[in-house]
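So you can see what is in the structure, the chains are spelled out below.
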Protein chains: 2
Amino acid sequence: MGDLNGPPFFDVVFAQRAHREFADTPIDDAVVETILRAGTHAPSAENKQPWEFVVVRDPATHAAIHDLTEAAWNASGRAFSETRLPPELLKEVDQGIAGGGYRTAPVLVVVCADFTRGLPMTAGSSIFPCVQNMLLAAGALGLGSALTTLGAVAPGPLAELLGLPDHVVPQAIVPLGYPARRLGPPRREAVAAHTHRDRFASPW
Amino acid sequence: MGDLNGPPFFDVVFAQRAHREFADTPIDDAVVETILRAGTHAPSAENKQPWEFVVVRDPATHAAIHDLTEAAWNASGRAFSETRLPPELLKEVDQGIAGGGYRTAPVLVVVCADFTRGLPMTAGSSIFPCVQNMLLAAGALGLGSALTTLGAVAPGPLAELLGLPDHVVPQAIVPLGYPARRLGPPRREAVAAHTHRDRFASPW
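Residues numbered from 1 in each chain as written. Chains lettered and ligands numbered in written order. Predicted model: local features only at pLDDT ≥ 70, side-chain atom pairs only at ≥ 80, totals over all residues. Heavy atoms only, no water.

Comments concerning the overall build of chain A
In step 1: Within chain A, the secondary structure is distributed over 7 helices and 5 strands.
In step 2: In terms of overall size, chain A behaves like a compact globule, its C-alpha atoms giving a radius of gyration of 18 Å where 204 residues would be expected to give roughly 17 Å.
In step 3: Projected onto its principal axes, the C-alpha coordinates of chain A cover approximately 55 × 40 × 40 Å.
In step 4: A burial count over chain A gives 51% of its 204 residues as buried. (Helix = DSSP H or I, 4+ residues; strand = E, 2+ residues; numbered from the N terminus. Rg over C-alpha atoms; globule rule 2.2 N^0.38 Å. Buried < 20%, exposed > 50% of the residue type's maximum accessible area, 1.4 Å probe, protein only.)

Printed below as a string of structure tokens:
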């Protein structure tokens, strides 16, 4: 990890995409640790840094996490998303989960909130900036990643699998891997379409 | 905004601090728009991009938002934090809110979630990655910022002030300004202290 300065900031930010399929190139612990270190530099409520990371490489645990996520998807996630997602995105997510794309990630990071260090009310504002730093850092290091929460929506089975104490609650599962293929540029709506000057509906 | 590539990614990430006092240097709309554009490149649940930004420069609206935040701090925030924060951080936050430090920010961005585009359940995982991109982009452009949520905890008065429809709910208030002074390096706990291998409490 000699040169830790990385590529230009905005190149990383404007290239971010969700990856749902990965090459089988292994990931060094040092790379994972850099990604986590970037995560820990995010702000958190009262600077309590309430994150706990479980880095999963063990094949049995890895497979069990995917089984849980796939079960949640098959039970209700897909049916829910069918009415909400454009067909091409639905297909992509379906291939990531049910088609096994996420299973190709060499590393999964389960990002949890410790409710003795942060309040449940502020878990979102404390954990998701950290997760976003992780995703950006992965991109800066040439890896792909995604922000997934489906496997953490009903946290009981995941908590049991990972031996989490009651006060440590999964918030997100981040697959990490070198990209299986290069993704095109992301599509986003124009800033001006969602920006208001001083008051809602006053044009930017 | 000629060169939008920015400084090296990890330099930006590892230097992030919360700013609570700003210089009176004005901020161009183009700089604000770059920060918002970075925000919109964050991931969101189902890629619904449910953010709405209200950019506040108007002095009366700006002052009213600070009044709301200060009232929330005086009513219960400070008393709550007194038992939880180290004295120097409590003093810093108190100076930012009651001491008027945040009032020196030339721009406030109220970041809202549109609940017709994103579910309340996924507001946190959709909005806070966006906010984190904004904070990092501000740093990359030489500005200071902070993630504040106190003024959005009881969103009613803020929604009324900004004329928000019922389905657009404030999630965070981000002050933007050029830093009043250079801040030292952030302090963070070691990654290994909060990282587990395959299972909770198994050392990294």
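Some details on the pattern of salt bridges
In step 1: Evaluation of the coordinates by the stated rule reveals 20 salt bridges over all chains.
In step 2: The partner of A:Asp29 in a salt bridge is A:Arg57, and the shortest N-O contact between them spans 2.9 Å. Taken together, the residues A:Asp29 in helix α2 (residues 29-40) and A:Arg57 in the loop between β1 (51-56) and α3 (59-82) connect sequence positions 28 residues apart.
In step 3: A salt bridge links B:Arg181 to B:Glu21; its shortest N-O distance comes to 3.8 Å. Taken together, the positions of B:Arg181 in the loop between β4 (168-177) and β5 (195-197) and B:Glu21 in the loop between α1 (9-15) and α2 (29-40) put the pair 160 residues apart, joining distant regions of the chain.
In step 4: Each of A:Asp29, A:Arg57 and B:Arg197 takes part in a single network of salt bridges with overlapping partners. (Salt bridge = Lys/Arg side-chain N within 4 Å of Asp/Glu carboxyl O.)

Notes on the pairing of strand β1 (residues 51-56) of chain B
In step 1: Of all 6 residues making up β1(B), 6 are buried, and the element is well covered by its neighbours.
In step 2: One ladder, built from 3 bridges, connects strand β5 (residues 195-197) of chain A with β1(B); its direction is parallel. Bridge pairing links A:Arg197 to B:Val55 in β1(B).
In step 3: In the sheet, β1(B) pairs with strand β2 (residues 107-114) of chain B via 6 bridges, with the strands oriented antiparallel. Residue B:Trp51 lies in a different strand from β2(B), and its bridge partner there is B:Ala113. (Pairing = 2+ DSSP bridges.)

A closer look at the relation of the copies chain B and chain A
In step 1: Each copy superposes on the other: chain B lies on chain A with an RMSD of 0.0 Å after a rotation of 180° and an axial shift of 0.0 Å. With respect to symmetry, the two chain copies, as superposed, fit the operation of a two-fold axis.
In step 2: A symmetric contact is evident, with 100% of the interface residues of chain B recurring at the interface of chain A. (Least-squares fit on C-alpha atoms with pLDDT ≥ 70 in both. Contact = heavy atoms within 4.5 Å.)

Quick look at the interface of chain B and chain A
By a frequent convention, interface size equals the accessible area lost on bringing the separate parts together.
In step 1: Taken residue by residue, the interface counts 77 residues in chain B and 77 residues in chain A.
In step 2: Together, the buried faces of chain B and chain A total about 7000 Å²; carbon and sulfur atoms form 59% of this surface.
In step 3: Our count for the chain B to chain A interface comes out at 4 salt bridges.
In step 4: A salt bridge links A:Asp29 to B:Arg197; the shortest N-O distance between them is 2.7 Å.
In step 5: Where chain B touches chain A, the interface holds 46 residue pairs in polar contact (both at pLDDT 80 or more).
In step 6: Only α1, α2, β1, α3 (59-82), α5 (123-140), α7 (155-162) and β5 of chain B provide two or more residues apiece to the side of chain B that touches chain A.
In step 7: The dominant element in the side of chain B that touches chain A, judged by the number of residues it contributes, is α5(B), at 10 residues.
In step 8: Class assignment for the residues of the side of chain B that touches chain A results in 40 nonpolar, 19 polar and 18 charged. (Buried area = accessible area lost by both parts, 1.4 Å probe. Polar contact = N/O pair within 3.5 Å; in protein donor to acceptor, adjacent residues only side chain to side chain. Nonpolar A, V, L, I, M, F, W, Y, C, P; charged D, E, K, R; others polar.)

Some points on the sheet that holds strand β3 (residues 144-145) of chain A
In step 1: The strand order across the open sheet formed by 5 strands is β3(A)-β4(A)-β2(A)-β1(A)-β5(B), and the pairing between neighbours is mixed. Sheet topology places β3 of chain A together with β5 of chain B at the edges, where each strand pairs with a single neighbour.
In step 2: This element, helix α5 (residues 123-140) of chain A, spans β1, β2 (107-114), β3 and β4 (168-177) of chain A of the sheet and lies at about 10° to β4(A). (Axes fitted to C-alpha atoms, helices over the stretch in contact; angles between N-to-C directions.)

Digging into the state of the cysteines
Here a disulfide denotes a covalent bond joining the sulfur atom of one cysteine to the sulfur atom of another.
In step 1: Counted by the stated rule, this structure contains 0 disulfides over all chains.
In step 2: No disulfide involves A:Cys112; its sulfur sits 11 Å from the nearest other cysteine sulfur, which is in A:Cys130. (Disulfide = S-S within 2.5 Å.)

Remarks on the sheet that holds β1(B)
In a beta sheet, neighbouring strands pair by backbone hydrogen bonds and run either parallel or antiparallel.
In step 1: Reading across the sheet, the 5 strands line up as β5(A)-β1(B)-β2(B)-β4(B)-β3(B) and stay open at both edges, with mixed pairing between neighbours. In this open sheet, the two edge strands, each paired with only one partner strand, are β5 of chain A together with β3 (144-145) of chain B.
In step 2: The strands touched by α2(B) within the sheet are β5 of chain A together with β1, β2 and β4 of chain B, with β1(B) carrying the most contacts at an inclination of about 160°.
In step 3: Its contacts with the sheet put α5(B) on β1, β2, β3 and β4 of chain B, and the angle it makes with β4(B) is roughly 10°.

A few points about α5(A)
Residues and elements named next belong to chain A.
In step 1: The terminal C-alpha atoms of α5, which comprises 18 residues, lie 26 Å apart, in line with the 26 Å expected from a rise of 1.5 Å per residue.
In step 2: Within α5, 17 of the 18 residues are buried, which leaves the element mostly enclosed by the surrounding structure.
In step 3: Phi for Gly142, located one or two positions after α5, is positive at around 90°. (Expected span 1.5 Å × (residues − 1).)

Looking at unusual backbone geometry
Leave glycine aside and you will find that most residues have negative phi; peptide bonds, for their part, are mostly trans.
All names here are of chain A.
In step 1: One non-glycine residue, Glu46, adopts positive backbone phi at about 55°.
In step 2: Of note, Asn47 is a non-glycine position whose phi angle comes to about 50°, a positive value.
In step 3: Along the polypeptide, Asn47 turns up in the loop between α2 and β1.
In step 4: The exposure class assigned to Asn47 is partly exposed, which follows from its relative accessible area of 32%.

A closer look at the pairing of β4(A)
Residues and elements named next belong to chain A.
In step 1: Taken across its 10 residues, β4 has 10 buried, putting it largely inside the fold.
In step 2: Of the pairings in the sheet, the one linking β3 to β4 comprises 2 bridges and is antiparallel in character. Note on β4: the bridge partner recorded for Ser145 is Leu176.

As for the nonpolar core
One broad trend across soluble globular proteins is that nonpolar side chains are buried collectively.
In step 1: Residues A:Val109 and B:Val109 are the most contacted members of the largest nonpolar core, which totals 74 residues.
In step 2: Among all residues touching B:Val109, those that are not within four sequence positions of it are B:Leu36, B:Phe53, B:Val54, B:Val55, B:Met134, B:Ala172, B:Ile173, B:Val174 and B:Leu176. (Core = buried A, V, L, I, M, F, W, Y, C linked by side-chain atoms within 4.5 Å.)

Such coordinate-based values are descriptive only and should not be taken to indicate function.
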